Amino acid sequence: MKIFRIVLIALVLALAVFFFIRTPSYWTGVNIKMSANAPWGSPAAQASMKQLAQTGARMGMLVAFAWQDKPESVTPILGNDSQPETIRQGLRDIRAAGLTPMLKIHLWIPWHWAGEVAPAQMDEWFANYQKAIMPLIDIAREENVPAVFAGTELRGVETASQWPALVSAIRAHYAGQVIYDTDSLEQAEKFQHWDLFDAVATSLYTALPDAQKDRIDVMTDNARRLQNLGEKWKRPVWVAELGLRSGQGILQRPWMSPEQLKVPVDLAIQKTVLTEWRDTLTAHGVTGISIWCWYTDPHDGGTDNSDFTVQNKPASSVLSRPAFRF
């Protein structure tokens with residue numbers, strides 16, 4: 001009987017080790033945007049963060065905005081909803097819910113995508129961008145935030161020579177991880193400054209076929225290319241934005257917003273495809289995935305919503321890490 005118990009214990013331990021090895025190590029999180037009716041520090045925002053923590057997510061990326069009036073402007077400033085004390089409160093709300101906060105800085109240009117930024121004078125733009133975001137970097141340091149995104153999807157300035165100086169200035173104020181997020185896999189492959197940052201990070205809004213087998217093939221190709229990129233630069237790989245609307249007919253145009261494309265609600269496709277993405281990416285070494293997006297209004301999203309958020313939808317299950325993976 002004693003030998004049987006020893007064998008049984010050994011078998012259980014062996015199985016535990018097997019399952020641990022078979023299940024990739026990674027974290028899940030979301031990009032969090034502040035709702036006008038639920039500002040950081042409000043009971044509503046705190047309830048939303050608790051709701052997020054209950055999904056199984058580990059990270060909460062607070063999205064803060066720098067603003068400029070047109071692509072060629074050289075005077076970016078912090079947005080009214082992204083002032084330092086507002087961001088401090090947001091980071092605290094995220095942590096109070098049991099999540100690890102990150103700070104993710106975006107550029108807002110009215111009627112334009114951030115990637116269209118085209119400064120008339122590059123030195124001046126970088127100097128003013130650094131001046132604008134440094135108060136948020138200081139807040140991240142004071143709040144012991146483990147990672148900050150120095151920029152997001154700034155395609156128009158990605159080949160600039162001013163990146164080393166910007167990153168050096170940030171690191172002089174902040175000892176955590178400094179990250180940059182490209183807008184696509186193709187841009188991540190072109191970006192030549194990954195050695196300045198602590199991870200290779202990109203957004204993924206890849207067009208996908210309707211047929212599952214073909215879809216998985218495309219995802220696998222993307223995942224392998226990301227894996228190769230991480231190996232090339234000797235950096236971990238994060239997907240800082242993984243987004244898909246809960247709507248019919250969006251797989252071929254996953255980047256299009258409800259304002260651009262009206263579609264009937266389809267909750268199932270969002271859950272299915274985001275889960276496929278998660279499983280494929282993490283099987284190829286991606287160590288972090290952040291979904292686009294979540295709001296501080298705890299009632300956002302829901303079963304009649306065709307937007308990107310996974311809030312109050314079946315797709316929120318993608319944030320829960322499976323116990324085992326075969």
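For the structure, see preceding data.
Everything numeric in this text was worked out from a predicted model, so none of it was measured. (Residues numbered from 1 in each chain as written. Predicted model: local features only at pLDDT ≥ 70, side-chain atom pairs only at ≥ 80, totals over all residues. Heavy atoms only, no water.)

1. Remarks on the packing of helix α3 (residues 84-96) against helix α4 (residues 122-142)
Point 1. For the pair α3 and α4, interaxial distance at closest approach is 9 Å and the crossing angle is 30 degrees. Viewed along their axes, α3 and α4 form a crossing whose handedness is right-handed. Each of Pro 84, Glu 85, Ile 87, Arg 88 and Leu 91 in α3 lies in contact with α4, whose residues at this interface are Pro 135, Leu 136, Ile 139 and Glu 142.
Point 2. When grouped by side-chain class, the residues that make up the contact of α3 with α4 number six nonpolar, no polar and three charged. (Axes fitted to C-alpha atoms, helices over the stretch in contact; angles between N-to-C directions. Helix = DSSP H or I, 4+ residues; strand = E, 2+ residues; numbered from the N terminus. Left-handed = near helix turned anticlockwise from the far one by under 90°. Contact = heavy atoms within 4.5 Å. Nonpolar A, V, L, I, M, F, W, Y, C, P; charged D, E, K, R; others polar.)

2. Digging into the packing of helix α7 (residues 212-233) against helix α8 (residues 267-283)
Point 1. For the pair α7 and α8, interaxial distance at closest approach is 9 Å and the crossing angle is 40 degrees. Regarding the angle of α7 to α8, the classification is oblique. Like other packed secondary-structure pairs, α7 and α8 cross with a definite hand, here right-handed. Every residue of α8 that contacts α7 at Gln 212, Arg 215, Ile 216, Met 219, Thr 220, Asn 222, Ala 223 and Leu 226 is listed here: Thr 272, Val 273, Glu 276, Trp 277, Thr 280 and Leu 281. (Parallel < 35°, antiparallel > 145°, perpendicular 65-115°, else oblique.)

3. A short note on the environment of Ser 35
Point 1. Here Ser 35 is to be found in the loop between β1 (27-33) and α2 (43-53).
Point 2. In the structure, Ser 35 is positioned 260 residues away from Tyr 295 in sequence and 6.0 Å away in space, judged by C-alpha atoms.
Point 3. A polar atom in the side chain of Ser 35 sits 3.1 Å from the backbone nitrogen of Asp 297. (Polar contact = N/O pair within 3.5 Å; in protein donor to acceptor, adjacent residues only side chain to side chain.)

4. Things to note about the pairing of strand β5 (residues 147-152)
Point 1. Judged by how many residues are buried, β5 sits mostly within the fold: six of six residues are covered.
Point 2. Running through α4, the crossover from strand β4 (residues 100-108) to the neighbouring parallel element β5 is right-handed.
Point 3. Crossover handedness for the path β5 to helix α5 (residues 163-173) to strand β6 (residues 177-182): right-handed. (Buried < 20%, exposed > 50% of the residue type's maximum accessible area, 1.4 Å probe, protein only. Right-handed = clockwise from strand over helix to strand, strands pointing away.)

5. Quick look at a nonpolar patch on the surface
Point 1. Residues Trp 67, Ile 77 and Trp 108 make up a contiguous nonpolar surface patch of about 320 Å² in total accessible area.
Point 2. Within the secondary structure, Ile 77 sits in strand β3 (residues 77-78).
Point 3. Owing to a relative accessible area of 45%, Ile 77 belongs among the partly exposed residues under this scheme. (Patch = residues over 30% accessible without salt bridge, like charges linked within 9 Å, V, L, I, M, F, W, Y side chains within 5 Å. Areas by Shrake-Rupley, 256 points an atom, 1.4 Å probe, with all protein chains shown as cover. Salt bridge = Lys/Arg side-chain N within 4 Å of Asp/Glu carboxyl O.)

6. What about the pattern of salt bridges?
Point 1. Applying the stated rule across the entire model yields 16 salt bridges.
Point 2. Residues Lys 104 and Glu 241 are paired through a salt bridge, measuring 2.8 Å at the closest nitrogen-oxygen approach. Here Lys 104, found in strand β4, pairs with Glu 241, found in strand β8 (residues 237-242); they are 137 residues apart in sequence, far enough to count as distant. Each member of the pair, Lys 104 together with Glu 241, is buried.
Point 3. For Glu 142, the salt bridge goes to Arg 141, with nearest N and O atoms at 3.7 Å.
Point 4. Look at Glu 142 and you get partly exposed, because its relative accessible area is 40%.

7. Overview of the pairing of strand β7 (residues 200-204)
Side-chain positions along a regular strand alternate between the two faces of the sheet.
Point 1. Counting buried positions along β7 yields five of five residues, so the element is predominantly enclosed.
Point 2. Burial along β7 is two-sided: Val 200, Thr 202 and Leu 204 and Ala 201 and Ser 203, pointing in opposite directions, are all buried.
Point 3. Taken together, the two bridges between β6 and β7 define a ladder with parallel strand orientation. The partner of Thr 182 across the bridge, within β7, is Thr 202.
Point 4. Direction of pairing for β7 relative to β8: parallel, over a ladder of five bridges. Each residue of the ladder has a partner; that of Ser 203, found in β8, is Glu 241.
Point 5. Regarding the hand of the β-α-β motif, the stretch spanning β7, α7 and β8 is right-handed. (Pairing = 2+ DSSP bridges.)

8. Some thoughts on the packing of aromatic side chains
Point 1. Here the structure, examined in full by the defined rule, presents 16 aromatic pairs.
Point 2. A centroid spacing of 5.2 Å and a plane angle of 80 degrees characterise the contact between Trp 27 and Trp 238, whose relative ring orientation is edge-to-face. Placement of Trp 27 in strand β1 and of Trp 238 in strand β8 is noted, with a sequence separation of 211 residues between them.
Point 3. A relative accessible area of 8% means that Trp 27 is categorised as buried.
Point 4. Relative to Phe 126, the ring of Trp 125 has its centre 5.0 Å away and its plane inclined at 85 degrees; by these criteria the two rings are edge-to-face.
Point 5. What links up through ring pairs into an aromatic cluster is the set Trp 125, Phe 126, Tyr 129, Trp 163, Tyr 180, Phe 191, Trp 194 and Phe 197.
Point 6. When the ring centre of Phe 149 is taken as reference, the NZ or CZ atom of Lys 104 above it lies at 5.8 Å.
Point 7. Directly above the ring of Tyr 26 sits Arg 321, whose terminal nitrogen or CZ lies 5.1 Å from the centroid. (Phe/Tyr/Trp six-rings, centres within 6.5 Å; stacked < 30°, edge-to-face > 60°. Lys NZ or Arg CZ within 6 Å of the ring centre and 35° of its normal.)

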